[in-house]
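Structural overview
Okay, here's what each chain looks like letter by letter:
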Amino acid sequence: MTHTPAADSQSYSIARERYAALGVDTESALTALSSIALSVNCWQGDDVTGFEQFDSTGGGGIQATGNFPGKARTPDELRADITKALSLIPGTHRVNLHAMYGEFGGARVDRDEIAPAHFTGWIDWAKDKKLALDFNATCFAHPKADAGFTLSSKDEAVRKFWIRHVQQAREISAAMGRALGSPCVHNLWIPDGTKDACVDKLGYRALLKRSLDEIYAAKIDPALMKDAVESKLFGIGSESFVVGSYDFYMPYAVTNGLMPCLDMGHYHPTESIGDKVSALLQYAPELLFHVSRGVRWDSDHVVILNDDLAALTDEIVRSQALARVHFALDFFDASINRIGAWVIGTRATQKSLLRSLLEPRTTLLGYEESENNFARLALLEEMKLMPVGAVWDEFCTRMNVPPGASWIADVMSYQETVTGKRS
Ligand code: RNT
Ligand code: ZN
């Protein structure tokens, strides 16, 4: 950061002093925050539609609700919208793509035939914008996912089709990592499961394991790409049984050197993933988090700074594990301005990280180790009303993006001049 203390706003100076009185250096927190890249989910921009040239509205447990006008219809529109959102988000980030966002030039390219060539438009754009890319196989929204099973399908042709798809997705990820000089995180989530009681859970899980073994047998240089597997508790249409549950994937990831991916919306409603961080860090070198927000049966509401998010970032910072974790945003709300949704969710995640980075760790640890649990709880409580907002505004200003609420008008004017003009 190129910052001169003379540029400090008055409220930041006061905040800096107040944190300093508790032994917290706001400047180190700002430096740490500026180096955290979040992977921004392209799919918020078009309600998880993608650019395939065939009817891909088939099955698979993902459902965006709402019909706010102006969603991106083409790769260029989506890239323009992401660029707009990133201009309102402080720092340098990554963009997370799904296989369905390839550019197929009007051709019908099925999922098992996708190749790096279909993503050169994205790679060139990322190079130009100095962004890195992450990637996901798309094992939903396809006729071969209609029956509810992909990699765990008992139809051998269907299972093989999805294996080929994920193999191609890993190759594409490696190509992205190579072209952009930053390892591409490839995440695998499949919708497989049943709406009602399933009598052969063991069989489906054995099939999924067999498919994964085949997929990950191909070792790819971690300097190019890293693999993650994402579990889920239940989905729309898979309320009773999900093949790729937490208990299924966690041992698989740990024993096979893959990253576990924990999505904040994929657990029991009272189960916070914050508490899992310090446990998993004992076994997994790196973790991927899908930063999301579950509301009743929907796992993908726009992220806000709530207790779950605070618990997650607190635990990562307290574990001094920022270098071992990856944050990917995962939400899609089709009922509000989509650029606004991106900015709300991404800034909320950064605010939560900043809050955590401003925790008086040494003092709290001192209280804890001297069994002064009253003081520990009291200080944690007092921290909630500390002037984190002034530090956040300073961060935005230094990063040349609008501080506070001033970005809201910017999104509304983009709606007036760009997205609102789309039919
Ligand atoms: C679905 C998973 C998955 C998707 C995205 C689009 O429940 O969370 O991560 O949301 O890949
Ligand atoms: Zn997810």
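Another point: helix α2 (residues 26-34). Those residues of α2 not exposed but buried are Thr26, Ala29, Leu30 and Leu33. Buried residues of α2 fall within an arc of 100 degrees about the axis and therefore sit on the same side. Close packing links the buried residues of α2 with α1 (10-21), α10 (338-357) and α13 (388-398). Capping the start of α2, Asp25 holds a side-chain oxygen 3.1 Å from the backbone nitrogen of Glu27, two or three residues further along.

Bringing the site of ligand 1 into the picture now. Taken together, the neighbourhood of ligand 1 is formed by Trp43, Ile62, His98, Trp189, Glu230, Lys232, Asp263, His266, His290, Asp300, Asp330 and Phe332. With respect to ligand 1, the side chain of Glu230 contributes an N or O atom lying 2.7 Å from an oxygen atom. Taking His266, its side chain carries an N or O atom lying 3.0 Å from an oxygen atom of ligand 1. Considering ligand 1 on its own, with 310 Å² of exposed area, one finds that the protein chains cover 99% of that surface. In the shell around ligand 1, the residues fall into 4 nonpolar, 3 polar and 5 charged.

Here the focus is the coordination of the zinc ion (ligand 2). Distances from the zinc ion (ligand 2) to its protein donors, namely Glu230 (OE), Asp263 (OD), His290 (ND1) and Asp330 (OD), fall within the range 2.0 to 2.1 Å. For the zinc ion (ligand 2), the 6 donor atoms are set out with angles of 71 to 169 degrees between them, so the coordination reads as octahedral. Spacing between the donor residues of the zinc ion (ligand 2) along their common chain follows E-x32-D-x26-H-x39-D. Of this pair, Asp263 sits in strand β8 (residues 259-263) while Asp330 sits in the loop between β12 (325-329) and α10, placing them 67 residues apart in sequence. Exposure class is identical for Asp263 and Asp330. Each is buried.

Secondary-structure assignment places Asp47 in the loop between β1 (38-41) and α3 (75-86). Accessibility expressed as a relative area gives 15% for Asp47, which makes it buried.

The buried fraction of β8 is high, at 5 of 5 residues. A two-sided burial pattern is seen for β8, the buried positions comprising Met259, Cys261 and Asp263 on one face and Pro260 and Leu262 on the other. Here strand β6 (residues 225-230) runs beside β8; their pairing, made up of 3 bridges, is parallel. Bridge pairing in β8 links Glu230 to Cys261. Relative to strand β9 (residues 287-291), β8 runs parallel, the two being bridged by 3 bridges. Paired with Leu262 across the two strands is Phe289, which belongs to β9.

Take the nonpolar core next. The biggest cluster of nonpolar side chains holds 121 residues, and the ones touching the most others in it are Trp122, Leu151, Leu188 and Phe289. Ranked by residue count, the leading element in this core is helix α5 (residues 156-180), at 10 residues. Counting residues in each nonpolar core, the second largest holds 6 residues, with Val185, Ala228, Met259 and Leu288 among its members.

Side chains that are three or four residues apart share a direction in an α-helix, a result of its 3.6 residues per turn. Among the residues of helix α14 (residues 407-417), Trp407, Val411 and Tyr414 are the ones counted as buried. All buried residues of α14 lie within an arc of 60 degrees about the axis, which places them on one face of the element. With respect to the buried face of α14, the exposed residues turned more than 90 degrees away are Met412, Glu416 and Thr417. Looking at the buried side of α14, the elements it contacts are α3 and α10.

Turning our eyes to something else, we now look at the sheet that holds strand β3 (residues 132-136). Reading around the barrel, the 8 strands line up as β1-β2-β3-β4-β6-β8-β9-β12 and close back on themselves, with parallel pairing between neighbours. Along the sheet, successive strands turn relative to each other by an average axial angle of 30 degrees, direction set aside. Across 3 bridges, the pairing between β1 and strand β2 (residues 94-98) is parallel. The residue bridging Asn41 from the neighbouring strand is Asn96, located in β2.

The next subject is the packing of helix α4 (residues 120-129) against α5. Their axes nearest at 10 Å, the elements α4 and α5 cross at an angle of 30 degrees. With respect to α5, the element α4 is oriented roughly parallel. When you trace α4 past α5, the crossing you get is right-handed. Across the interface between the two elements, Ile123, Ala126 and Lys127 from α4 touch Met176, Ala179 and Leu180 from α5. Taken together, the residues of the contact of α4 with α5 break down into 5 nonpolar, no polar and 1 charged.

Conventions used here
- Residues numbered from 1 in each chain as written.
- Chains lettered and ligands numbered in written order.
- Predicted model: local features only at pLDDT ≥ 70, side-chain atom pairs only at ≥ 80, totals over all residues.
- Heavy atoms only, no water.
- Buried < 20%, exposed > 50% of the residue type's maximum accessible area, 1.4 Å probe, protein only.
- Helix = DSSP H or I, 4+ residues; strand = E, 2+ residues; numbered from the N terminus.
- Arc of directions from axis to C-beta.
- Contact = heavy atoms within 4.5 Å.
- Polar contact = N/O pair within 3.5 Å; in protein donor to acceptor, adjacent residues only side chain to side chain.
- Near = heavy atom within 4 Å.
- Areas by Shrake-Rupley, 256 points an atom, 1.4 Å probe, with all protein chains shown as cover.
- Nonpolar A, V, L, I, M, F, W, Y, C, P; charged D, E, K, R; others polar.
- Donors = N, O, S within 2.8 Å, 3.2 Å for Na, K, Ca; no water.
- Tetrahedral: all angles 85-135°; square planar, octahedral: opposite > 155°, others 65-115°.
- Pairing = 2+ DSSP bridges.
- Core = buried A, V, L, I, M, F, W, Y, C linked by side-chain atoms within 4.5 Å.
- Axes fitted to C-alpha atoms, helices over the stretch in contact; angles between N-to-C directions.
- Parallel < 35°, antiparallel > 145°, perpendicular 65-115°, else oblique.
- Left-handed = near helix turned anticlockwise from the far one by under 90°.

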